[in-house]
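Each chain, written out:
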Number of protein chains: 4
Amino acid sequence: MAGSTFGTIFRISTWGESHGKGIGVVIDGCPAGITLAEEDVQKQLDRRRPGQSRYTTARAESDQVEILSGIFEGRTTGTPISMLVRNQDQRSRDYGSIAELYRPGHADYGYDQKYGIRDYRGGGRSSGRETIGRVAAGAVAQKLLGELGISVTAYVSSIGPVSIDRNAMDFSYIESTPVRMPDAKAAKEALAWLEDCIQSQDSSGGAVECIVKQLPAGLGEPCFDKLDADLAKALMSVGAVKAVEIGDGIAVRFAKGSENNDTYVEDEDGIPCKASNHSGGILGGISDGSPLFLRCSFKPTPSIAQPQSMLGKDGKCHVETIHGRHDPIIVARAVPVVEAMTAITLADHLLLSMTSQMAYVKKIWGDN
Amino acid sequence: MAGSTFGTIFRISTWGESHGKGIGVVIDGCPAGITLAEEDVQKQLDRRRPGQSRYTTARAESDQVEILSGIFEGRTTGTPISMLVRNQDQRSRDYGSIAELYRPGHADYGYDQKYGIRDYRGGGRSSGRETIGRVAAGAVAQKLLGELGISVTAYVSSIGPVSIDRNAMDFSYIESTPVRMPDAKAAKEALAWLEDCIQSQDSSGGAVECIVKQLPAGLGEPCFDKLDADLAKALMSVGAVKAVEIGDGIAVRFAKGSENNDTYVEDEDGIPCKASNHSGGILGGISDGSPLFLRCSFKPTPSIAQPQSMLGKDGKCHVETIHGRHDPIIVARAVPVVEAMTAITLADHLLLSMTSQMAYVKKIWGDN
Amino acid sequence: MAGSTFGTIFRISTWGESHGKGIGVVIDGCPAGITLAEEDVQKQLDRRRPGQSRYTTARAESDQVEILSGIFEGRTTGTPISMLVRNQDQRSRDYGSIAELYRPGHADYGYDQKYGIRDYRGGGRSSGRETIGRVAAGAVAQKLLGELGISVTAYVSSIGPVSIDRNAMDFSYIESTPVRMPDAKAAKEALAWLEDCIQSQDSSGGAVECIVKQLPAGLGEPCFDKLDADLAKALMSVGAVKAVEIGDGIAVRFAKGSENNDTYVEDEDGIPCKASNHSGGILGGISDGSPLFLRCSFKPTPSIAQPQSMLGKDGKCHVETIHGRHDPIIVARAVPVVEAMTAITLADHLLLSMTSQMAYVKKIWGDN
Amino acid sequence: MAGSTFGTIFRISTWGESHGKGIGVVIDGCPAGITLAEEDVQKQLDRRRPGQSRYTTARAESDQVEILSGIFEGRTTGTPISMLVRNQDQRSRDYGSIAELYRPGHADYGYDQKYGIRDYRGGGRSSGRETIGRVAAGAVAQKLLGELGISVTAYVSSIGPVSIDRNAMDFSYIESTPVRMPDAKAAKEALAWLEDCIQSQDSSGGAVECIVKQLPAGLGEPCFDKLDADLAKALMSVGAVKAVEIGDGIAVRFAKGSENNDTYVEDEDGIPCKASNHSGGILGGISDGSPLFLRCSFKPTPSIAQPQSMLGKDGKCHVETIHGRHDPIIVARAVPVVEAMTAITLADHLLLSMTSQMAYVKKIWGDN
């Protein structure tokens, strides 16, 4: 498998290059009967779209989606949902000069080694535009989850040296700032930091967190297809992500068992609940009924307008400056991508876990 | 899929519970012609085995492997390799008292919610013994990689507050200490820390790192099945892992592009090479020819011999102390598990990537 | 994938060779809560076992199954069910003489071409003993189907020139004759025919049919994973099967649309029902609520005790007689294998189809 | 999985409905470096297209393909190849009357039972137009096979009572007749038979055979993913196919072992070769180096312009006549579909089988 398919039941296949004719996705295995319109998908694509602010690439793409199949009279039919976004502003001439160079921090060298051929225009398949298909499919997954009352919310938790204050988080603020931080003060500082980066023709790393509420307990398969394992794959497969953490993440290595265990207490109504959520809502690979929490660390955009020493196809080093239109930071545009990959993974596990008990099987087929 | 299968070509399926009849694995898709003996597998199982030191559970298991199929005259035949380890010391009576309780930090509650039934003896399928199948399969993957000169080496990089000194690393020391740290001084401090944990009936978290050398460039599939994405899944699927990092990992979020990009320099022979390896050997999901580097953070063993407030099947909180035989730390025994999951993922990607170019296809089938 | 795994949710992986240590299967994805004992499996294995009559190989194998995992207190737990049958009567010396020869009608040449190595003892992995794993898994699938009232019944419909009389079928007679025909008269003729074959040191082909009753409508996926497509694969994957037919099978090519269409009539209670079942219970790849009907054609056992001209590893023709213990006919022993593969495919599709409607999803997860 | 994906390495996903916006396919896992142009695909689509003769539906569709991704400078890049055919002549009004009826011989009832919703316009996803994606992907697979000298040729072998004369076969004649028979005399008779069918507002069944030459020995996986098992699935998944035969097919059930075994003889140059090819080029699921031969039986088109008794959504029988534009026979248009599914299966197995020997692995990766 060339690996452009993700999921077992709710299964997506993406295709498309940065400077080809377009980008798309096919969703197979979406249950029939979900209300779905192009607007549901467009809304998420607009959050990912370039040109939202001066902190994102100036490439002019409206990223209008067309749903080509799988919908009838406003509802999903259970057959494959194919979605297409045409590319518009492909200034491929910008990239001619790098046909013979392998850019630092990019997949250029790997592609040539793997395939012996590379569509070098704008990164080809390794472009961030590949995430359009993910976001479109994620919008459908979010509709499915929404029908069960499950919400998926991502936001930027840090940019360079600036982190949000966890005691000052306001989720309603996320979409009010181009950096998508749920904290006005941190957002302001982050914007100042990004101005510095732009001035110095540099870029910055950052982190995105995601919280899922109302997820039922019992999702995830015990061994390799643990819920956290599939989330780790889903998110690490997003370009530029270099670390995925669940719950307390790397902090667990400094903890003692007595600190890390989430013991039970009775709430004011005498109902037992977890006193803490170090697990991030997953234990032994199975959701435990608490909010799911994860964090991804994104590297700084490798395309910077500074001269850098690169490897040439001629086997020699060349100091060159990459031209093109790039983002000084990608975490803000990555927020809908993180939501999408999380939602797709959860939708798939919700469907998978329907088959875990004979009692469930009888609930569906027992009436026959 | 109930998720007990991993890999696309080099594909493993594990089975077995802590207190059932045994644990095993079936490897399908291992190429024919690899020299393989039970000793190759036993050697790795012995590194994972309980009872290696006073820092590991006292459960007495010799974990002798039997290869049941797939080998003829000392070589793999290309047909499935089935391996079996019988359980021996199953003191299931230790666990009777927890049949009605959901232990903090364990998968107990999730299993009951998911399946409506749970083999509560020793964690059942969620026991650390499940990793026996992984280690056995990993030994075969390591034989395959070894025939191509690829080495996979894991070690403990931190235990609680104690971290190795990266300037004092000595890989030949790893197997000399029960904590499998490549640094004698850190190992001594870690052992002291573990004594404290044992005294206070507590457990400790830690981290395991893994380095792969001589890996060819060009492995990994560009989109969802990126090499790092599959490694993230492989390692996050190991019980107790809560974070997976590739290369610089979470540190990338604090970096600028000019710092994080691995530019090229000419070595003393005038041959270009990467001046740094922040990428950890993977760019855009494809191996770049540099050493692969990853890190996993393990939470402290949740089984501690202190009274804890647990949830009962009766829907009430109960303060109880868990009896049984447990490890105060798991990273040392996890070292062969991390090597195994890394090797299995790489073996699979090596085989997958053989099909990426028509030139390769002709190399194999052109002679017909 | 080396192809020893079948199914998407109810997923089986088989392993083992004719003259290795044993044969086995791992079932992953079996729902929790099904009552299961070794006797349930043994009963089916006993129907497949050699030595049932003089028309089956004299190899002495009791084929006792051991369930190694996945069962707790008599019920499935949702975790992998591993089953093992040890080989006992391996007269490998019988096969030494054919190490250098490729037998006609056998996979010998293909294995050597594919793998460059071959376990030539008794056919190795290509032996009919490989079906033990299928029958064991099929017994579990039949338990699952049984809990929903679905029955799967196979029988021999023809042996050489002898066919059953469809107007004289008596299913209760099937197990009364070594040829498993539901027709006493045909069975008697078939036995006479087989005596002739044995006398002339020859073997005979035949056919097995299978009927499934009480299968709900709505199973099967519309495109590649049609119910009949998956059944065709399942049954064609049984060694010696050379044709799979659904419903009227090859007869449809002689039919007109007006003859082949199953129109509706009202029964005596005024309830509409299909006037015929040319479709065999599947239309457009989806079960239609009628009984499912399929037929497999088995070639005659290729191992015959006559001198035959074979290809040698030396690239020359050799006239040799194959020794060993073989069946003059395999359809009788194939009856439980056909039932098993049918049941496994149906169990998988029952589970898959639980996810086809959002209304079903809400039925399971809506209570959360 | 909703089953719209086929293949393990060379993997296709199709989408689209008869009266939706279009039909398409995504191929993932096609090796890089194959020369490919839209004309290569169009040529095959033109053979499947409606309106080729008076024996095919009058629906006016030019079926122009657009390749949206995966090609750069005329060659495949190894990334997904997305292809789109827009629907043009969708007279959906023809179908309004059957929204409330389940047509005999169609999937209508199954879809409603499975999904609770159905795109009834022209059969929706169950339309023969779904095969456009298969034919487009098959054209790419045939390019791949062609680079290795492997040819795939299908033709009509029977229509109703008319069969080709095997002694008079002329492959160069296939495209000269609208019935695609390699026998001018039989073609003439078949056309006369079809005129009768049209006059009586009826349709006819038929058979398609396929021969593959120059296929290397050693393709196919020994157990479930046997080459013939995957071909059986591939072809049974084509709508209207009710039987798949390999080699002698159903005739094997009447044969004796001494007749069915393909023994070896020395040809005039003293080189051993099979004296016959009853196996159809596959033994034990693995190609044996002889020509591969298979046959599919197609049922007559269920849409006939006669009054028929159908089931209504109201649970009552209704005698109605289906209007619309349909083919009196589908085997002629099915010829490129059979070639496509055969080629796709073989391309996948060629790639899969590259990983069967460590010697092959070293051939690719040993140079690193």
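For the structure itself, consult the block above.
Remember, it's a predicted structure, so these values are computed and weren't measured experimentally.

Novice: Quick question: what am I supposed to make of the interface of chain B and chain A here?
Specialist: In many analyses, interface size is given as the accessible surface area lost on bringing the parts together. Contacts between the two partners involve 104 residues from chain B, matched on the other side by 104 residues from chain A. Between chain B and chain A, roughly 8200 Å² of surface is buried when both sides are summed, and carbon and sulfur atoms account for 59% of that area. In this structure, the connection of chain B to chain A is made through eight salt bridges. A salt bridge links Lys 233 of chain B to Asp 225 of chain A, with the shortest nitrogen-to-oxygen separation between them at 2.6 Å. The tally of links from chain B across to chain A stands at 50 residue pairs in polar contact (both at pLDDT 80 or more). For the side of chain B that touches chain A, a count of residues per class yields 43 nonpolar, 40 polar and 21 charged. Two strands pair when backbone bridges link them, and strand S12 (residues 241–246) of chain A and strand S12 (residues 241–246) of chain B are joined in this way by three bridges, in the antiparallel orientation. By the bridge assignment, Val 244 of chain A is partnered in S12 of chain B with Val 244 of chain B.

Novice: What is the right way to read the sheet that holds strand S2 (residues 11–16) of chain B from this model?
Specialist: The strands that make up a sheet pair up through hydrogen bonds in the backbone, lying either parallel or antiparallel. All names here are of chain B. With antiparallel pairing, the five strands of this open sheet are ordered in space as S1-S2-S3-S7-S4. The outermost strands of the open sheet, each flanked by one partner alone, are strand S1 (5–6) and strand S4 (65–67). Pairing of strand S3 (residues 22–28) with strand S7 (residues 81–86), which is carried by six bridges, proceeds in the antiparallel orientation. For Gly 22, the partnering residue across the bridge sits in S7 and is Arg 86. Against the sheet, helix H1 (residues 38–48) touches S4 and S7, its axis set at about 150° to S4.

Novice: What should I look at first to understand the interface of chain D and chain A in this one?
Specialist: Listed per partner, the contact involves 44 residues of chain D and 44 residues of chain A. Between chain D and chain A, the buried area comes to about 3500 Å², and carbon and sulfur atoms account for 58% of it. At the junction of chain D with chain A, the criterion picks out four salt bridges. Its salt-bridge partner being Arg 86 of chain A, residue Glu 66 of chain D comes within 2.9 Å of it at the nearest N-O pair. Inspection of the chain D/chain A interface yields twelve residue pairs in polar contact (both at pLDDT 80 or more). Of all elements in the fold, only strand S2 (11–16), strand S3 (22–28), strand S4 (65–67), strand S6 (75–76), strand S7 (81–86) and helix H2 (108–115) of chain D reach the threshold of two or more residues within the side of chain D that touches chain A. In terms of residue class, the side of chain D that touches chain A is built from 15 nonpolar, 16 polar and 13 charged.

Novice: Just checking my understanding: could you explain the relation of the copies chain B and chain A for this structure?
Specialist: What relates the pair of chain copies is a rotation about an axis plus a shift along that axis. After a rotation of 180° and a shift along the axis of 0.0 Å, chain B superposes on chain A with an RMSD of 0.0 Å. Taken together, these values place the two copies in the relation of a two-fold axis. Relative to the rotation axis, the C-alpha of Lys 233 of chain B is the closest in chain B, positioned 2.4 Å from it. In this assembly the copies share their binding face: 100% of the residues contributing to the interface of chain B also contribute to that of chain A.

Novice: What should I look at first to understand the packing of H1 of chain B against helix H7 (residues 331–352) of chain B in this one?
Specialist: Packed helices, taken two at a time, are described by the angle their axes make and the gap between the axes. Residue and element names in this part refer to chain B. One way to put it is that H1 packs onto H7 with a least axis distance of 7 Å and a crossing angle of 140°. In terms of their interaxial angle, H1 and H7 are classed as oblique. Here Gln 44, Arg 47 and Arg 48 of H1 lie close against H7, whose contacting residues are Arg 333, Val 335, Pro 336, Val 337 and Glu 339. Here the residues of the contact of H1 with H7 sort into three nonpolar, one polar and four charged.

Novice: Could you clarify how one ought to interpret the relation of the copies chain D and chain A in this entry?
Specialist: For these two chains of identical sequence, chain D goes onto chain A by a turn of 180° and a shift of 0.0 Å along the axis, with RMSD 0.0 Å. In this assembly the copies share their binding face: 100% of the residues contributing to the interface of chain D also contribute to that of chain A.

Novice: Can you walk me through helix H5 (residues 227–236) of chain B in this structure?
Specialist: Along an α-helix, a turn takes 3.6 residues, which lines up residues three or four apart on a common side. The buried count for H5 of chain B comes to ten of ten residues, which makes it a mostly enclosed element. Within the sequence span of H5 of chain B, burial applies to Leu 227, Asp 228, Ala 229, Asp 230, Leu 231, Ala 232, Lys 233, Ala 234, Leu 235 and Met 236 of chain B.

Novice: Is there a simple way to think about the pattern of salt bridges in this case?
Specialist: A side chain of one charge can pair with a side chain of the opposite charge if their charged atoms are brought near each other. This structure, assessed with the given rule, holds 112 salt bridges over all chains. The residue Glu 221 of chain A makes a salt bridge to Lys 114 of chain B at a minimum N-O spacing of 3.2 Å. Taken as a pair, Glu 221 of chain A in the loop between strand S11 (206–213) and helix H5 (227–236) and Lys 114 of chain B in helix H2 (residues 108–115) lie in two separate chains rather than in one. Of the two residues, Glu 221 of chain A and Lys 114 of chain B, both sit in the buried class. Taking the shortest distance from any N to any O, the salt bridge between Lys 185 of chain B and Glu 189 of chain B comes out at 3.5 Å. On the criterion of helical spacing, the pair formed by Lys 185 of chain B and Glu 189 of chain B is a turn pair, its members being four residues apart in helix H4 (residues 184–199). For Lys 185 of chain B, a relative accessible area of 62% gives the class exposed. Through salt bridges that share partners, Arg 103, Asp 108, Asp 112, Arg 118 and Lys 313 of chain A make up one connected network.

Novice: Which parts of the structure should I look at to understand the sheet that holds strand S17 (residues 292–298) of chain B?
Specialist: Ordered by their spatial adjacency, ten strands build an open sheet running S10(A)-S9(A)-S11(A)-S17(A)-S12(A)-S12(B)-S17(B)-S11(B)-S9(B)-S10(B), and the pairing between neighbours is antiparallel. Of all the strands in the sheet, the pair left with one neighbour each is strand S10 (162–163) of chain A together with strand S10 (162–163) of chain B. Across five bridges, S12 of chain A lies against strand S17 (residues 292–298) of chain A in antiparallel orientation. Opposite Val 241 of chain A, over in S17 of chain A, you have Phe 298 of chain A as the bridge partner.

Rules of the game
- Residues numbered from 1 in each chain as written.
- Chains lettered and ligands numbered in written order.
- Predicted model: local features only at pLDDT ≥ 70, side-chain atom pairs only at ≥ 80, totals over all residues.
- Heavy atoms only, no water.
- Contact = heavy atoms within 4.5 Å.
- Buried area = accessible area lost by both parts, 1.4 Å probe.
- Salt bridge = Lys/Arg side-chain N within 4 Å of Asp/Glu carboxyl O.
- Polar contact = N/O pair within 3.5 Å; in protein donor to acceptor, adjacent residues only side chain to side chain.
- Nonpolar A, V, L, I, M, F, W, Y, C, P; charged D, E, K, R; others polar.
- Pairing = 2+ DSSP bridges.
- Helix = DSSP H or I, 4+ residues; strand = E, 2+ residues; numbered from the N terminus.
- Axes fitted to C-alpha atoms, helices over the stretch in contact; angles between N-to-C directions.
- Least-squares fit on C-alpha atoms with pLDDT ≥ 70 in both.
- Parallel < 35°, antiparallel > 145°, perpendicular 65-115°, else oblique.
- Buried < 20%, exposed > 50% of the residue type's maximum accessible area, 1.4 Å probe, protein only.

These figures come from the coordinates and say nothing about function on their own.
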